[in-house]
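Residue-level structure breakdown
One letter stands for each residue in the lines below.
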Amino acid sequence: MPTGVHLRDARQQLFEAAERVLLRDGPNGLTSRAVTDEAGCAKGVLHRHFTDFDAFLTDLVLDRAAQLETQASALRESAGTGTVADNLTSALTTLFGPIPVAIIPLITFRDELRARLRQARPGGGIAILAQATTAISAYLADERELRRIAADADIDSLTLSLVGGGHLLFADRDPGPPATAVVNKLVTAVIADAVQRRPA
C-alpha cells in the first residue's frame, strides 16, 4: 500500500471506510488494516489521527451518534403533525438505518469500546441505542403534552417497547430492512392503548 497517499479530511474518510467494512464484513472483519486498505492509505495514517484502534472506533461511534441528534430533532419537530404512529414509524426507520444497526453489534462485541464510550459520555456504553431511546422518549413526552396520547401513558415503557422491538426488526441485515408496513404494525400495537385512551 503506498504511503504517500494524501487524504483530505482523513478522519471522515477513515470513518466512511470503516462503515463500508462494517456493512460488508461485520464487526469481526473490522480491523485497522481493513479500514486503511478500504480507505486506500497506509496503516500509519490511522495512527497519526488516533492513539489506537479503540480510540478510532470510539470517535466513529460518537460521530455517528451525534448525527442521530439531527434526526431526533426532526422527530420532536413532528410532534402535533401527521399521526403519532406514522411519525414513530419514520423515526425508527431512520434511527435504525444500516449504519446504526451495524454499529450496535460492534459496541457489544468490544468491551474496551464500551468502556471508552461510558467514559466519553454518561450512559454512552451503547451509544446508538441510547440516542434512539432519548429521541423516542422526548417525542412521546411532547405528544403527551399535546394530548395526542393519554396523560397517564407510561413513556418509559412505551419507549423501551418501541426501541427494543424496533431494534429486533432491523437487526437481521441479510434480507434487508423490514417493510414500512411491518414497522408501522409494531408501532401501532405498542401505542394503541395510549392513543385510544387519549382525551378527545
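Residues numbered from 1 in each chain as written. Predicted model: local features only at pLDDT ≥ 70, side-chain atom pairs only at ≥ 80, totals over all residues. Heavy atoms only, no water.

**With respect to the overall build of the protein**
What the protein contains, in helices and strands, is ten helices and zero strands. Of the regular secondary structure in the protein, the N- to C-terminal order runs α-α-α-α-α-α-α-α-α-α. Taken along the three principal axes of its C-alpha coordinates, the protein extends 65 × 35 × 30 Å. Within the span of the protein, comprising 200 residues, buried residues form 44% of the whole. (Helix = DSSP H or I, 4+ residues; strand = E, 2+ residues; numbered from the N terminus. Buried < 20%, exposed > 50% of the residue type's maximum accessible area, 1.4 Å probe, protein only.)

**Looking at helix 4 (residues 53-77)**
Taking 1.5 Å of rise per residue, the 25 residues of helix 4 would be expected to cover 36 Å, and the 37 Å separating its terminal C-alpha atoms lies within 8% of that figure. You can read the cap of helix 4 off the contacts: a side-chain oxygen lies 3.2 Å from the backbone nitrogen of aspartate 54, and it is on aspartate 52. (Expected span 1.5 Å × (residues − 1). Polar contact = N/O pair within 3.5 Å; in protein donor to acceptor, adjacent residues only side chain to side chain.)

**Some thoughts on the confidence of the model for the protein**
Per-residue pLDDT for the protein averages 87, and the proportion of residues at 70 or more is 90%. Confidence drops under pLDDT 50 across residues 1-5; counting only partners more than four residues distant or on other chains, this segment forms eight contacts. (pLDDT = per-residue confidence, 0-100. Contact = heavy atoms within 4.5 Å.)

**Observations concerning unusual backbone geometry**
The residue arginine 147 is not glycine, and still its phi comes out positive at about 65 degrees. Tracing the sequence through the fold places arginine 147 in the loop between helix 8 (127-145) and helix 9 (155-171). A residue is classified by how much of its surface remains accessible, and arginine 147, at 51% relative accessible area, is exposed.

**A look at the side chain of glutamate 19**
Relative to the helices and strands, glutamate 19 is located in helix 1 (residues 10-25). Within the local environment of glutamate 19, its side chain forms a polar contact with the side chain of arginine 64, the two groups lying 2.4 Å apart. Among residues more than four places away in sequence, those in contact with glutamate 19 are Leu60, Arg64 and Ile99.

**Things to note about helix 9**
For helix 9, which comprises 17 residues, the first-to-last C-alpha distance of 23 Å matches the rise-based estimate of 24 Å (1.5 Å per residue) to within 8%. Every buried residue belonging to helix 9 is among Ile155, Leu158, Thr159, Leu162, Val163, Gly165, Gly166 and Phe170, and all of these are buried.

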